[in-house]
Amino acid sequence: MNSTATQSTPALSASDLKYTYPSRRGAAAHDALRGLNCTIAPGEHVALLGPNGSGKSTFFRVLCGLLSPTAGSVDILGGPLDRARRGQLGVVFQHAGLDDALTVERNLIDHAVLYGMTIREARRRVDTMIESHALQDQRGRRVGVLSGGWKRRVDLCRALLHEPDVVLLDEPTVGLDPGARRQFLDQLAALRESSCTVLMSTHLIDEAERFDRVVLVHDGRIVADDTPAALRHALGDHRITVHDRKWQPDATSEKWVATPDGWMNTDAALSTNALAQHAERFIDAGIAFSIAPPTLDDAFIALTGTSLTAHEEASS
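Residues numbered from 1 in each chain as written. Predicted model: local features only at pLDDT ≥ 70, side-chain atom pairs only at ≥ 80, totals over all residues. Heavy atoms only, no water.

**Section: the nonpolar core**
Put simply, the rule is: Nonpolar cores are built from buried Ala, Val, Leu, Ile, Met, Phe, Trp, Tyr and Cys residues. Side-chain atoms within 4.5 Å join them into one set. For the exposure calls, accessible area comes from a 1.4 Å probe over protein chains only, and a residue counts as buried if that area is under 20% of its type's maximum, exposed if over 50%, partly exposed in between. In what follows, residue pairs with any heavy atoms lying within 4.5 Å of each other are defined as contacts.
The biggest cluster of nonpolar side chains holds 43 residues, and the ones touching the most others in it are Leu 108, Leu 169, Leu 188, Val 198 and Val 214. The contact partners of Leu 169, leaving out residues within four places of it in the chain, are Phe 60, Val 92, Leu 156, Phe 184, Leu 188, Val 198, Leu 199, Met 200 and Ser 201. Counting residues in hydrophobic clusters, the runner-up holds 27 residues, among them Ala 11, Leu 48, Phe 60 and Val 217.

**Section: the sheet that holds strand β7 (residues 197-202)**
Basically, it comes down to this: Pairing between two strands is assigned when DSSP locates at least 2 bridges connecting them. Starting at the N terminus, helices and strands are each numbered in turn, a helix being any DSSP run of H or I of at least four residues and a strand any DSSP run of E of at least two. Note on method: axes are straight lines fitted to C-alpha atoms, helices fitted across the in-contact stretch only, with angles between N-to-C directions ranging 0 to 180 degrees.
If you walk across this open sheet you meet the six strands as β5-β6-β7-β3-β8-β9, and the pairing is mixed. Both edges of this open sheet fall to β5 (89-92) and β9 (221-226), since each of them pairs with a single strand only. On average, adjacent strands in this sheet sit at an angle of 15° to one another, irrespective of strand direction. Pairing between β5 and strand β6 (residues 166-170): four bridges, direction parallel.

**A closer look at the packing of helix α3 (residues 104-114) against helix α5 (residues 148-160)**
Rules: Orientation categories follow fixed angle ranges, with anything under 35 degrees roughly parallel, anything over 145 roughly antiparallel, 65 to 115 roughly perpendicular, and all other angles oblique. What makes a crossing left-handed is the near helix being turned counterclockwise from the far one by less than a right angle; a clockwise turn instead makes it right-handed.
It is at 9 Å that the axes of α3 and α5 come closest, and there the two elements cross at 20°. The angle between α3 and α5 falls in the class roughly parallel. As for the relative orientation of α3 and α5, their crossing is right-handed in sense. The residues of α5 that touch α3, namely those facing Val 104, Leu 108 and His 111, are Val 154, Cys 157 and Arg 158.

What follows is the structure in structure tokens.
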């Protein structure tokens, strides 16, 4: 990698970042980003977790230079996205950036040449990437006949060919079956062996759990930013959830927040004795409930009043 920044310089930083889609065709203007502040250190693997429509893709378009912010600023590798820094970005969008009519090898060679490599250098680099990503059997096949999982693997190779310092991935596993999704994420995790910085957007909790940090995004704002464990345990060691829409918490009792199918207690200081008392009361009343360690979805519900999994089900 040929980094344009030092290890002490953030790989990515956004300061009070805002973006407004202008009104058109009778639709009102829409504030997609409402003042994002985020800093990512070199080598970090960070997940941007939020439901569809939360501003994740807009943020990625601004980072890539496809959109100019309405207000605020973005720095990549210590400065604005100039030609040199753009060359140190590897990007994987929701839809593969490949030519279906060309073979896997031809796609990769053409991309390498676009980044200034000689044909000889491009072939050497493509050989290395095809071997490291187990694409030997797909090498001569047209991309258009590949499964979604293989296409995604080729697209990741495309983004890594020029050995970027920063890799941005916008919902890259959308449409993949569970096996292909797992294989893609395993390939991504292998980048930890290098100093490459990774920022990936997702609305899937199990994907976010794999990352060093999780940035929770809702309605164009960052509502939390920490390790997956810290975000979960901000709700305590256990949380109690009532699975009954008809039940209503006492207004003077501990903190409760509505969930898609009932209510969740968000009091991190809730004692074991209090949990037992709730459980006994719900059992006596015949009310369905559960007690379990908190999840990232629980953290999102506590912060926003809405569920990531509810958004996922609505969009499926």
